[in-house]
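# Observations on chain architecture
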Amino acid sequence: MSDQQLWTDVDAYFTSALAPPDEPLAAALRASDAAGLPHINVSPPQGKLLHLLARIQGARRILEIGTLGGYSTIWLARALPADGRLISLEYDPKHAEIARANLAHAGLDKIAEVRTGAALDTLPQLAEEGQGPFDLVFVDADKVNNPHYLEWSLRLTRPGSLIVVDNVVRGGAVVDPASSDPSIRGTRRLIELLAENPKVSATAVQTVGSKGYDGFVLARVEE
Ligand code: SAH
Ligand code: DHB
Ligand code: MG
């Protein structure tokens, strides 16, 4: 059996025991698939991890950068109290439309809003509107802009906030200092910025599963 097959089987086992799909989650994936969206949403155990992190954090305001069909958005929004608020930023109008429909179907459209546009345009708008501080930020969009997304996340959070960044390992590619891949360069710059900024305390966790070998950054905004 290949390593990937084993990781997929173990993910399926943990998913069926601990993160089984309910109707709105399954419907969100079906609708995303039917619309031709890429299968790059977080896995069910990863979605449950985001959900638990948001609850452990006691999050009332969540910011997501990179919505796709709203699968991770549903996991995160379900962690919020009835008067909580989630804003998710998505570049592609088609993705945003599918995500809005999926959130409505999940009964989360009062809590979770999808804003269309390049995040580097919509993040300054959030700041101008006085949105935030966000208690949790999930960064999962174009990896080349991860350094900018860290800076905006720091502007829109408070001491004690949690910043989570997806896809920081990419099969181990992150370890190559000479990589010419703009996504890897963006993520390596993100790690450097985290390392040198005393206003944040961070780690990175490698993961395997149905999506292969990848990982998350977890960062706490410091006082
Ligand atoms: N968080 C989702 C997956 C997001 S995939 C989940 O786990 O379910 C990454 C998304 O980021 C894609 O939908 C892509 O269109 C979007 N994206 C790419 N570049 C972007 C940008 N500059 N601003 C906002 N969103 C962007
Ligand atoms: C891929 C996976 C992701 O989680 C993501 O945000 C972007 C791309 C991928 O596997 O290509
Ligand atoms: Mg991702």
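These notes cover the structure that comes with them. The structure displayed is predicted, hence computed values, not measured ones.

All right, on to the side chain of D11 then. For D11, the position within the fold is in helix 1 (residues 3–18). We note that D11 is buried and unpaired, the nearest opposite charge coming from K211 at a distance of 9.3 Å. Every residue in contact with D11, bar those within four places of it in the chain, is listed here: S43, P45, G209 and S210.

Turning to the site of ligand 2, a few remarks are in order. Every residue near ligand 2 is listed here: I40, D140, K143, D166, N167, R170 and K211. Contact distances for ligand 2 include 2.8 Å between an oxygen atom and a side-chain N or O atom of N167. Protein contact buries 71% of the 300 Å² of open area that ligand 2 shows by itself. Comparing atom positions with the cavity grids shows ligand 2 to sit within the largest pocket.

Evaluated as defined, the whole model comprises 1 cavity of 30 Å³ or more. Approximately 30 Å³ is the volume attributed to the largest cavity. The wall of the largest cavity is formed by V139, N146, Y149, L150, I163, V165 and L190. At the level of elements, helix 7 (146–155) and strand 5 (157–166) are the ones that each hand at least two residues to the lining of the largest cavity. Per element, the largest residue contribution to the lining of the largest cavity is 3 residues, and it comes from helix 7.

Rules behind the numbers
Residues numbered from 1 in each chain as written. Chains lettered and ligands numbered in written order. Predicted model: local features only at pLDDT ≥ 70, side-chain atom pairs only at ≥ 80, totals over all residues. Heavy atoms only, no water. Helix = DSSP H or I, 4+ residues; strand = E, 2+ residues; numbered from the N terminus. Buried < 20%, exposed > 50% of the residue type's maximum accessible area, 1.4 Å probe, protein only. Lys, Arg positive; Asp, Glu negative; His and termini not counted. Salt bridge = Lys/Arg side-chain N within 4 Å of Asp/Glu carboxyl O. Contact = heavy atoms within 4.5 Å. Near = heavy atom within 4 Å. Polar contact = N/O pair within 3.5 Å; in protein donor to acceptor, adjacent residues only side chain to side chain. Areas by Shrake-Rupley, 256 points an atom, 1.4 Å probe, with all protein chains shown as cover. 1 Å grid on protein atoms, 1.4 Å probe; cavity = no way out; pocket = protein on both sides within 12 Å on 5 of 7 lines; lining within 4 Å. Sits in = over half its atoms within 2 Å of the grid points. Points joined across faces, edges and corners; volume = space filled by probe spheres on them.

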